[in-house]
Amino acid sequence: MQTDSLSDRILKGERRALARAITLVESNRADHRAQASELLAQLAGSGRQALRIGLSGTPGVGKSTFIESFGMMLTGQGLRVAVLAVDPSSARSGGSILGDKTRMERLSREKNAFIRPSPSQSHLGGVARRTREAIALCEAAGYDVVLIETVGVGQSETVVSELSDLFLLLLAPAGGDELQGVKRGIMEMADIILINKADGDLKATATRTCADYAGALRLLRKRPQDPEGFPKAMTVSAVEEQGLEQAWDEMQSLTRWRRDNGIWEANRAAQARYWFDQEVRHALLARLDTPQAKAEMERLNAEVSAGRLNPASAAEELLGTLS
C-alpha cells in the first residue's frame, strides 16, 4: 500500500481512502503497523482538528438512535460528521456483530457523514485499541465532529474520556438501581448527562430523572475544567428530535469556554501523554509474546508449580531476561 497516495486522498476527504486507512491502523500485522505509523506521520501536519465527542450509555438507552438524529441535525447545519462505533467482541469466538451502521440507516446514506463500526477485541475501556488513531484519520479527512460511541457503560468505559473533548452520558428515564454500581465514577467524568426518551408517557418521568441527576451533579466536587453550571443534565428525545439543538448549543458553549481558558490544549496534551504511556505498556507486553519469552515462561511456570520458586522471584527472573 502506497501511504503517500493514501494520505493525499484522505486529505481530499475521500471516504473510501479513510475506510481503508482505518482498516490499516486496526491491523496487528507488523508490516501494517509500520505503514500505519508512516501514514499517521504524513497526516500529522495537516493541522485539522475536529470536536471529539465521547458517548456512553446503558444498553437499550437509544445510543444509535440518538447518534443518528444528532448526526442528521449536524449535517443539516453543513457540518461533516464521523461516527466511530465500538461493538463488543465475543470472549469465546472473538467476533463482533458490527450492526451500528444498519441501525443508523438515514445517517449512513448522508454524504457528509461517515460511520465506522469497530470490534473492541480484548481491549478494555469501551473503545477499540486503535480508536485514537482512527480519530486522527477522521480529523485529517476534514470531519468537523467525531462521535465516539462506547460498547456500553461500566467501570472501564471511562477510557473514552481520554479520547474526547466532551464526554456525554446517555441515560434512560428512571434508570434506578441498576446504575448504582457504575454511575458515580462515570458521572464524575461526564460533561453533560442526557436523559433520552423524553417523549410520550415517559416525558414526565424523564423530567424528574433529569432533576434527580442535576441534584446529584451539584454534590460532586467542582472540576477545574468546567465553567459555572457544568456538568449539567438535560432531557432529549432522539425519536422526536427534541432538545438536540439545545444540547448542541451547550456543547458549543462549553467548548468555547475551554478553548478561551487554555483547557482544550492542556486536555489534549494530557491525553497524548496518556496514550504514549499506554503504547509503551502494550509494547512491553508484546515482548512476552515471542517464542523465546513463552518458552522461558513455561520453564518458570513449572518451577513455580513445583514449589521450587515463588511467583515474585520467577517474575523478576523473567523480566531480567527481557531487559
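Higher on the page you've got the structure.
1. A look at the overall build of the chain
Then comes step 1: In terms of regular secondary structure, the chain is built from 13 helices and 7 strands.
Then comes step 2: Across the 323 residues that make up the chain, the buried fraction comes to 48%.
Then comes step 3: When the accessible surface of the chain is split by element, carbon and sulfur atoms take 51% of a total near 16,200 Å².

2. Thoughts on helix α1 (residues 3-11)
Then comes step 1: Along α1, the residues that are buried comprise T3, L6, S7 and I10. Buried residues of α1 fall within an arc of 100 degrees about the axis and therefore sit on the same side.
Then comes step 2: On its buried side, α1 packs onto α2 (15-26), α3 (30-43) and α7 (131-140).
Then comes step 3: Directly beyond the C-terminal end of α1, a positive phi value near 85 degrees is found at G13.

3. A short note on the pairing of strand β7 (residues 232-235)
Each regular strand shows side chains that alternate between the opposite faces of the sheet.
Then comes step 1: With 4 bridges connecting them, strand β6 (residues 192-195) and β7 associate as parallel partners. From the neighbouring strand, I195 faces β7, where its bridge partner is T235.
Then comes step 2: Considered for its hand, the β-α-β crossover made up of β6, helix α9 (residues 203-219) and β7 is right-handed.

4. Quick look at the pattern of salt bridges
Should the charged atoms of two oppositely charged side chains come close, the side chains can pair.
Then comes step 1: Using the criterion set out here, one finds 21 salt bridges in the structure.
Then comes step 2: D289 serves as the salt-bridge partner of K294, at 3.7 Å between the closest nitrogen and oxygen.
Then comes step 3: Residue E317 pairs with R299 through a salt bridge whose shortest N-O separation is 2.7 Å. Here E317, found in helix α13 (residues 311-322), pairs with R299, found in helix α12 (residues 291-305); they are 18 residues apart in sequence, far enough to count as distant.

5. Structural notes on the side chain of S237
Then comes step 1: For S237, the position within the fold is in the loop between β7 and α10 (244-260).
Then comes step 2: A relative accessible area of 0% places S237 in the buried class.
Then comes step 3: At 3.1 Å, the side chain of S237 and the backbone nitrogen of E240 are in polar contact.
Then comes step 4: When sequence neighbours within four positions are dropped, the list of residues in contact with S237 reads N196, K197, A198, D199 and Q242.

Each value, and the rule that gives it
- Residues numbered from 1 in each chain as written.
- Predicted model: local features only at pLDDT ≥ 70, side-chain atom pairs only at ≥ 80, totals over all residues.
- Heavy atoms only, no water.
- Helix = DSSP H or I, 4+ residues; strand = E, 2+ residues; numbered from the N terminus.
- Buried < 20%, exposed > 50% of the residue type's maximum accessible area, 1.4 Å probe, protein only.
- Areas by Shrake-Rupley, 256 points an atom, 1.4 Å probe, with all protein chains shown as cover.
- Arc of directions from axis to C-beta.
- Contact = heavy atoms within 4.5 Å.
- Pairing = 2+ DSSP bridges.
- Right-handed = clockwise from strand over helix to strand, strands pointing away.
- Salt bridge = Lys/Arg side-chain N within 4 Å of Asp/Glu carboxyl O.
- Polar contact = N/O pair within 3.5 Å; in protein donor to acceptor, adjacent residues only side chain to side chain.

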